[in-house]
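# Secondary and tertiary structure notes
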Number of protein chains: 2
Amino acid sequence: METTGAQTSPRASLRERKKQRTREALLRAALELFTTQGYERTTVDEIAEAVDVSQRTFFRYFAGKEEVALFTQGVAEARFLAAVRERPPQEAPLEALRRAVLEGWDTIGEAVESVVPLELHMRAYQLIESTPALLAAYLRRSAELEEEIARVIAEREGLDVDVDPRPRVAVAVFGGVMRITGRLWSEGADHSIPAIRELTTAYLDQVGPALAEKWRTE
Amino acid sequence: METTGAQTSPRASLRERKKQRTREALLRAALELFTTQGYERTTVDEIAEAVDVSQRTFFRYFAGKEEVALFTQGVAEARFLAAVRERPPQEAPLEALRRAVLEGWDTIGEAVESVVPLELHMRAYQLIESTPALLAAYLRRSAELEEEIARVIAEREGLDVDVDPRPRVAVAVFGGVMRITGRLWSEGADHSIPAIRELTTAYLDQVGPALAEKWRTE
DNA sequence: AGGCTAGTGACAGCCACTGACAGTTGACAA
DNA sequence: TTGTCAACTGTCAGTGGCTGTCACTAGCCT
């Protein structure tokens, strides 16, 4: 029909583009509804209606309510995983993880922004932290991600994750700290990128002290 | 009717005893069905039918399927939390946590056994680890437990959990390691108490090495 | 133009969970 | 005892997430 004009995606059949649009419309509508009226108080029918498709179609694009709510998280996680893989192999494991987060945040932001407004993603994250059902699903996925990262770390160091406990332990420590900072950030007032960056460094720097024998020797 | 014979609970009204029996019957039936035919493939109606009560009654005793499945975990967690509180205050935080787990396992076993056979509890744990929906719920509860423990640790050390990051970090590190060992234990072949004890010490001992700069200096 | 197939809507049905109401059964005092 | 009250339970109806099925439409390809 049209020329091969540079749309959002240059090469893609009409069919493909329509699917893409429907998916994004559903995603945006869902997040918008979730963050304004709450996750539980939003029905799948509402979301479908907002995009003017049948409920059945919604379930053809997303496995369920949870999946939509966590979708942008998935994008961010994938980007983070890639950032870890891109770290130079001579860096120590925890160093690599630390830099992957700190330096990756901007590219993560971009990756998210290409799907939904970053601001919506941020609101979604706060929603997850404050909605038990979503937090549960999020934590489970994080556990899977940690296992993957542990394998990446093990490979970097030429280790077998089932023989040497250190990769999993290191990742677990790192993941634990990330959970804390994520929660505090979502509860706090400053929801900016620099804010989370500061929190992250501050808490990561406390791992050593926290493991020290005597805390009172300040 | 009978004399005041030493039943399971000496002092409790008939009504109370009946409730207790129904609750335990539901719990046992649920776990038995879950572990034999799977969590998802077991309906609430089946559980209720097995105990010969209405579905409605099931929901008066438990908030949902998840809650039954995680019930014995809750018992174990409560016991662990108590064990932490009982540690002498001069012990270093991580030391206290470590001993609470290692030395507490037997009393945890007893606490569980007073509700359902320990073997059923073990099977339930494996079920949780292998059922996404249950694992998600379990992880969320674990996160809550960690926050509580962090407060206990902070109090031991006379700290404010919102000022000093170390309590939360220490607990997160510990919790992360416990997750790993729990998973490996459930996946492994030896499901005995000594087995998990060994795993725990082995992995806890790897926290230091995992944080070291250079891993290859073995 | 016409056949092929991916994508969709409409419908029926399962299951977890909830509110409302009525019936039953221990608890407790007269 | 007996009567009253409150706790507990069953039944029924309804909501919402999710799935299977099937007929239909619309983009694709020759």
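Every chain is numbered on its own, with residues counted from 1 as its sequence reads. The order in which chains are written sets their letters, starting at A; the order in which ligands are written sets their numbers, starting at 1. Predicted model: local features are reported for residues with pLDDT of at least 70 only, side-chain atom pairs are reported and counted for 80 or more only, and whole-chain, interface and lining totals are derived from all residues. Think of the side-chain values as coming from all heavy atoms in the structure, minus any hydrogens and water.

### Topic: the protein's contact with DNA strand C
Nearness here has a simple test: a residue counts as near a molecule or strand if at least one of its heavy atoms is within 4 Å of that partner. Within the structure, DNA strand C sits among 22 residues, and Lys 19, Thr 57 and Arg 60 of chain A together with Ser 13 and Arg 56 of chain B are positioned closest to it. Counting only the atoms of DNA strand C within 4 Å of the protein, the fraction contributed by sugar and phosphate is 56%. At 3.2 Å from a phosphate oxygen of DNA strand C is found a main-chain nitrogen or oxygen belonging to Val 44 of chain B. For helices the rule is a DSSP run of H or I covering at least 4 residues; for strands it is a run of E covering at least 2, with both sets numbered from the N terminus onward. Within the residue set of the surface near DNA strand C, elements represented by two or more residues are helix 1 (14–37) and helix 3 (55–61) of chain A together with helix 1 (14–37) and helix 3 (55–61) of chain B. Polar here means any residue outside two lists: the nonpolar Ala, Val, Leu, Ile, Met, Phe, Trp, Tyr, Cys and Pro, and the charged Asp, Glu, Lys and Arg; Gly therefore counts as polar. A breakdown of the residues in the surface near DNA strand C according to their chemical character gives 5 nonpolar, 7 polar and 10 charged. Each polar contact in these results corresponds to two N or O atoms within 3.5 Å; when the atoms are within protein, one needs to be able to donate a hydrogen and the other to accept it, and residues that are neighboring in sequence are counted only if both atoms are side-chain atoms.

### Considering the relation of the copies chain A and chain B
Least squares is the method used to superpose the copies, on C-alpha atoms of residues holding a pLDDT of at least 70 in both. Expressed as a screw transformation, the operator carrying chain A onto chain B has a rotation angle of 180° and an axial translation of 0.0 Å, and the superposed copies differ by an RMSD of 0.0 Å. In the structure described here, the two chain copies are related by an operation that fits a two-fold rotation axis. What makes two residues a contact is simply this: any of their non-hydrogen atoms within 4.5 Å. A share of 100% of the interface residues of chain A reappears at the interface of chain B, consistent with the copies meeting face to face through the same patch.

### Topic: helix 4 (residues 65–86) of chain B
Residue and element names in this part refer to chain B. Multiplying 1.5 Å by the residue count of a helix minus one yields the expected span of that helix. The terminal C-alpha atoms of helix 4 lie 33 Å apart, and with 22 residues this matches the ideal 32 Å at 1.5 Å per residue to within 8%. One fitted axis covers the seven residues ending at a residue, a second covers the seven starting there, and the bend at that residue is the angle between these axes. The sharpest bend along helix 4 comes to roughly 50°, located at Phe 71. Residue exposure (1.4 Å probe, protein chains only): buried if accessible area is under 20% of the type maximum, exposed if over 50%, otherwise partly exposed. Among the residues of helix 4, Val 68, Ala 69, Leu 70, Thr 72, Gln 73, Ala 76, Glu 77, Phe 80, Leu 81, Ala 83 and Val 84 are the ones counted as buried. Taken together, the buried residues of helix 4 touch helix 1, helix 3, helix 5 (93–113), helix 6 (118–130), helix 7 (132–156) and helix 8 (166–187).

### Here we look at the nonpolar core
The nonpolar core is taken to be a set of buried Ala, Val, Leu, Ile, Met, Phe, Trp, Tyr and Cys residues, with the residues joined through side-chain atoms within 4.5 Å. Of all hydrophobic cores here, the largest spans 133 residues; its most connected members are Phe 80 of chain A together with Phe 80 of chain B. Setting aside anything within four residues of it in sequence, one finds Phe 80 of chain B in contact with Leu 97, Ala 100, Val 101, Ile 108, Leu 145, Ile 149 and Phe 174 of chain B.

### What about the interface of chain A and chain B?
Counting residues at the interface gives 40 residues for chain A, matched by 40 residues for chain B. Buried area: the sum, over both parts, of the accessible surface (1.4 Å probe) that disappears when the two are put together. Together, the buried faces of chain A and chain B total about 3600 Å²; carbon and sulfur atoms form 70% of this surface. Salt bridges are counted wherever a side-chain nitrogen of Lys or Arg sits within 4 Å of a carboxyl oxygen of Asp or Glu. Our enumeration of links across chain A and chain B arrives at 2 salt bridges. Its salt-bridge partner being Glu 147 of chain A, residue Arg 183 of chain B comes within 2.5 Å of it at the nearest N-O pair. Taken together, the connections running from chain A to chain B amount to 4 residue pairs in polar contact (both at pLDDT 80 or more). Contributions of two or more residues to the side of chain A that touches chain B are made by helix 5 (93–113), helix 7 (132–156), helix 8 (166–187) and helix 10 (207–211) of chain A. Ranked by the residues each element gives to the side of chain A that touches chain B, the list is headed by helix 8 of chain A, at 13 residues. Looking at side-chain class alone, the side of chain A that touches chain B contains 27 nonpolar, 2 polar and 11 charged residues.

### Points about the protein's contact with DNA strand D
Surrounding DNA strand D, one finds 22 residues, the nearest of these being Arg 56 of chain A together with Lys 19, Thr 57, Arg 60 and Tyr 61 of chain B. Each atom of DNA strand D within 4 Å of the protein was classed as base or backbone; sugar and phosphate made up 56%. Within the side chain of Arg 56 of chain A, a nitrogen or oxygen atom sits 2.7 Å from a base oxygen of DNA strand D. Breaking the surface near DNA strand D down by element, the ones donating at least two residues are helix 1 and helix 3 of chain A together with helix 1 and helix 3 of chain B. Classifying every residue of the surface near DNA strand D gives 6 nonpolar, 7 polar and 9 charged.

The values reported here are purely geometric and, on their own, carry no functional implication.
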